[in-house]
Amino acid sequence: FGVGLIIWAFYNLVLKVEIPFPTIADVFFLAYYFLALTGSNYFLKSLRVTINKIFIYDSAVVLTLSLMVIVGIFNFIIKPQSENN
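Residues numbered from 1 in each chain as written. Predicted model: local features only at pLDDT ≥ 70, side-chain atom pairs only at ≥ 80, totals over all residues. Heavy atoms only, no water.

Secondary structure assignment for the protein chain yields 3 helices and 0 strands. Put simply, the protein chain runs from its N terminus to its C terminus through helices and strands in the order α-α-α. In terms of overall dimensions, the protein chain is more spread out than a globule: its C-alpha atoms have a radius of gyration of 19 Å, far above the 12 Å expected for 85 residues. Projected onto its principal axes, the C-alpha positions of the protein chain cover 50 × 40 × 20 Å. By the burial criterion, 8% of the 85 residues in the protein chain qualify as buried. Summing over all exposed atoms, the protein chain offers an accessible surface of approximately 7,800 Å²; the carbon and sulfur share of this is 72%. (Helix = DSSP H or I, 4+ residues; strand = E, 2+ residues; numbered from the N terminus. Rg over C-alpha atoms; globule rule 2.2 N^0.38 Å. Buried < 20%, exposed > 50% of the residue type's maximum accessible area, 1.4 Å probe, protein only. Areas by Shrake-Rupley, 256 points an atom, 1.4 Å probe, with all protein chains shown as cover.)

Encoded structure:
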């Protein structure tokens, strides 16, 4: 992920051009997700966690509740300021 950000920053800050899509940076961003999922799988195997339907369901519930809290904080507690004050 860091390599992708370095390439992206180089295009923006040094070359000062719009980044073409797709770039070599996107290859590194996609590789990050693949490696993160692989690492998570190995980590769960080292903890001897069995991945079954209940585990996936519980993980989805925790993810959904976490996202609801984050969205609630940003939308209701930290109110975005509109430009039409």
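Having seen the model, we can carry on.
Attention now moves to the confidence of the model for the protein chain. In the predicted model, the protein chain carries a mean pLDDT of 86, and 93% of its residues have values of at least 70. Considering each helix and strand of the protein chain separately, the mean pLDDT is smallest for helix H1 (residues 2-15), with a value of 86, and largest for helix H3 (residues 53-77), with 91. (pLDDT = per-residue confidence, 0-100.)

Here we take up unusual backbone geometry. With a phi angle near 50 degrees, Lys16 is a residue other than glycine that sits in the positive phi range. Lys16 sits in the exposed class, given a relative accessible area of 68%. The phi dihedral of Arg48 falls on the positive side, at around 60 degrees, and the residue is not glycine. Inspection of the secondary structure assignment puts Arg48 in the loop between helix H2 (24-46) and H3.

Residues three or four positions apart in an α-helix share a direction because the helix packs 3.6 residues into each turn. In this model, H1 (14 residues) spans 19 Å end to end at C-alpha, consistent with the 20 Å of a helix rising 1.5 Å per residue. One or two residues past the end of H1 sits Lys16, with phi positive at roughly 50 degrees. (Expected span 1.5 Å × (residues − 1).)

Our next topic: the packing of aromatic side chains. Enumeration over the complete set of coordinates arrives at 3 aromatic pairs. Both rings, one in Tyr32 and one in Tyr33, keep their centres 5.4 Å apart while their planes meet at 65 degrees; by these two values the pair is edge-to-face. On the accessibility criterion, Tyr33 (49% relative accessible area) is partly exposed. Taken together through their ring pairs, the aromatic side chains of Phe1, Phe29, Tyr32 and Tyr33 make up a single cluster. (Phe/Tyr/Trp six-rings, centres within 6.5 Å; stacked < 30°, edge-to-face > 60°.)

On to the packing of H1 against H2, then. For the pair H1 and H2, interaxial distance at closest approach is 7 Å and the crossing angle is 160 degrees. The orientation of H1 relative to H2 falls into the category roughly antiparallel. At the point where H1 passes H2, the crossing takes the left-handed sense. Between H1 and H2, the contacting residues are Val3, Gly4, Leu5, Ile7 and Trp8 on the first element and Ile24, Ala25, Phe28 and Phe29 on the second. The residue makeup of the contact of H1 with H2, split by class, is 8 nonpolar, 1 polar and no charged. (Axes fitted to C-alpha atoms, helices over the stretch in contact; angles between N-to-C directions. Parallel < 35°, antiparallel > 145°, perpendicular 65-115°, else oblique. Left-handed = near helix turned anticlockwise from the far one by under 90°. Contact = heavy atoms within 4.5 Å. Nonpolar A, V, L, I, M, F, W, Y, C, P; charged D, E, K, R; others polar.)

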